[in-house]
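The lines below spell out each chain.
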Amino acid sequence: MKEIYGNTLGLKSSEQHRLRNTYRRRVSPHEIVSPELARHLTELSRETNRQVGVLINRKGDIEHVVVGNAHKLELPDIGRARAGQIRLRGLRLVHTHLKSEPLTKDDLTDLALLRLDCVAAVGVGDEGLPGVLHFAHLVPENGTGEFWQVSTLPSVHVEQPDLMATLDALEEEFNRKAAARKVGGREKAILVAVCLNGDRGQAEASLAELKELARTAGVEVIDSVLQVRREADPRYLIGRGKLEDLNLRSMQSMVDLLIFDKDLTPSQGRHIGEATSLKVLDRSQLILDIFAQRAQSAEGKLQVELAQLKYRLPRLVQSDDSLSRLAGGIGGRGPGETKLEIDRRRVRERITHLEKRIDAISRERSVRRAQRNRRELPVISIVGYTNAGKSTLLNAITNAEVLAENKLFATLDPTSRRLRFPQEREVIITDTVGFIRDLPKDLVAAFRATLEELYDASLLLHVVDAADPARDEQVEAVENILESLGLMEKPRLMVWNKADKMAPEDVEALLRSRGGVAISASTREGLASLLAKADTTLFAEGATEAIGAV
Ligand SMILES: Nc1nc2c(ncn2[C@@H]2O[C@H](COP(=O)(O)OP(=O)(O)OP(=O)(O)O)[C@@H](O)[C@H]2O)c(=O)[nH]1
Ligand SMILES: [Mg+2]
């Protein structure tokens, strides 16, 4: 016999019997609800003083009968819709509202998250007769921000719209959108930022940068939201209401990804993933992804893999508490080891392996450096925020063909070139990976071998995109990283790049207050004076102060 779902406690057996009989009823696939079925539901509802509902399939058969309390109905678990699901569920919910109240937020959320065909509420009128009919169906994204269309008919007896036709048209529209999207092919994301310290401007700048990162990663950004909160929600980081909105929004726009502008704890990442059934990334992961996409050399690839595994390890451990506890109980090793244990052990082994290889590389590099030092060629290293124009500068002064493009982290592998100064002096000049604020710690550690090149530098050229509104924060971020690498004692020359994009008086003011050299790597303006300054610093004794580094 078919089951009655929900709040059946305390129902009389005659009531249970009549509820069960509901399964025998059928409606036409074209109407939302027949007056007969509506009356059956409202009478039962009035008698029990509870909401009564049915889930009806496209053939018009009743698949579930559900009882709630006076105000709401808990649907049986029919499974969440998958992210990016195009088709509707093929089930409509028709239920009673004791006070003829309109559809509630819960009703509409169920409609969207379960991708129901339609949600309808029949008002329970006098004597338990069916009254007003409220109903809603989803609508495709149309720029109005509406997720659904809600309508009301004064009675179940007036003519209802042809449900079948409405659903056909709707699914056709969804399909069209999905097809258009396949052609585009890129993953769609919504960016999410929270501002916890009240500094909205800073949060917005950081969000703008996240957008650039997403673009660099090849993700299509559909929307971004910034929530100002006093403190982070321990479970979801953002508020629950906000998360629900995001959920609805991503269902409608067929978004695959949520990208958070803040690092999520392993458990936040997991909870958000479970609550939305979307892929969830945070800023660190996004940067790691970009590095993974861009790594060219074997060394770069090893370093990125190491950073990714280190990031993933604690998240693996967390991903199934009960399993890992079980494994610990059994003794954990050998047979009886759970899949999770094996995964974790593999990851750890791989990390050890990668660390050894990177150690070896770092030794090789130091040998190479020692040889270079024997030849006594001084090294100039170009450092700076990502996209500041480091590679463009290297190309401009050495005619090297290093890839320079308007994307973050264009360069991951250090490139070294010889450069001949006047008077036949030679130096080595190297371009390095760009820095960014909140560079993931694991990544800095993994790129140790690459960054170690910087220790041999006799001079650091700190290249800055002087025209970027976030210039000062970028300078600070770079200096913080240099500090953490113990490189702040090195002679350093501030190179204010992209001066071509600034007003001359702003350039002058900048030089007066901050020192250094202004250049344009693309127009080559200022390059001669940059080289002259570098030359004096390197070859004239005690010239360190003259270069104006802070
Ligand atoms: N207007 C202007 N644009 C510049 C200048 N220098 C570089 N650019 C542009 O800035 C963008 C980034 O240049 P890159 O040389 O790739 O920057 P990078 O610092 O090497 O960046 P990563 O390797 O990604 O860290 C490119 O689109 C360049 O064309 C300049 O002096 N003026
Ligand atoms: Mg570069």
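Residues numbered from 1 in each chain as written. Chains lettered and ligands numbered in written order. Predicted model: local features only at pLDDT ≥ 70, side-chain atom pairs only at ≥ 80, totals over all residues. Heavy atoms only, no water.

Draft legend 1. Inspection of unusual backbone geometry at higher detail. In this model, S100 sits at a positive phi of 60°, which is unusual for a non-glycine residue. Relative accessible area serves as the criterion here: at 26%, S100 is assigned to the partly exposed category. At E127, a residue that is not glycine, the phi angle is positive and equals roughly 60°. Locating E127 in the fold gives a position in the loop between β5 (118-124) and β6 (130-138). Note on E127: relative accessible area 65%, which makes it exposed. (Buried < 20%, exposed > 50% of the residue type's maximum accessible area, 1.4 Å probe, protein only. Helix = DSSP H or I, 4+ residues; strand = E, 2+ residues; numbered from the N terminus.)

Draft legend 2. Structural view of the environment of L41. With respect to the helices and strands, L41 occurs in helix α2 (residues 35-48). Taking the C-alpha atoms as reference points, L41 and T96, 55 residues apart in sequence, are found 6.8 Å from one another. With sequence-adjacent residues up to four places away left out, L41 is seen in contact with T22, V52, V54, V94 and T96. (Contact = heavy atoms within 4.5 Å.)

Draft legend 3. Spotlight on the side chain of R92. As for its placement among the helices and strands, R92 is situated in strand β4 (residues 91-97). Despite being buried, R92 has no salt bridge partner; D117 is the closest side chain of opposite charge, sitting 5.5 Å away. One polar contact links the side chain of R92 to the main-chain carbonyl oxygen of E31, over a distance of 2.6 Å. (Lys, Arg positive; Asp, Glu negative; His and termini not counted. Salt bridge = Lys/Arg side-chain N within 4 Å of Asp/Glu carboxyl O. Polar contact = N/O pair within 3.5 Å; in protein donor to acceptor, adjacent residues only side chain to side chain.)

Draft legend 4. Layout of the pairing of strand β2 (residues 52-57). With six of six residues buried, β2 is to be regarded as a mostly interior element. Along β2, one buried face is formed by V52, V54 and I56 and the opposite face, lined by G53, L55 and N57, is buried too. Relative to strand β3 (residues 62-67), β2 runs antiparallel, the two sharing five bridges. Bridge pairing in β3 places L55 opposite H64. (Pairing = 2+ DSSP bridges.)

Draft legend 5. Looking closely at the environment of L264. Tracing the backbone through its elements, the reader meets L264 in the loop between β10 (257-260) and α7 (266-276). According to the relative accessible area criterion, L264 is buried, its value standing at 5%. With 19 residues separating them in the primary sequence, L264 and R283 have C-alpha atoms 8.6 Å apart. Residues within four places of L264 in sequence aside, it is in contact with L237, G269, I272, V280, D282 and R315.

Draft legend 6. Quick peek at the pattern of salt bridges. Here the structure, examined in full by the defined rule, presents 26 salt bridges. Here E15 ties to K12 by a salt bridge, and the two come within 3.8 Å at their closest N and O atoms. Judged by relative accessible area, E15 falls into the buried class, the value being 4%. Classification of K12 as exposed rests on a relative accessible area of 53%. Each of the salt bridges in this network shares a partner with another, and the network as a whole consists of R58, R87, D117 and E171.

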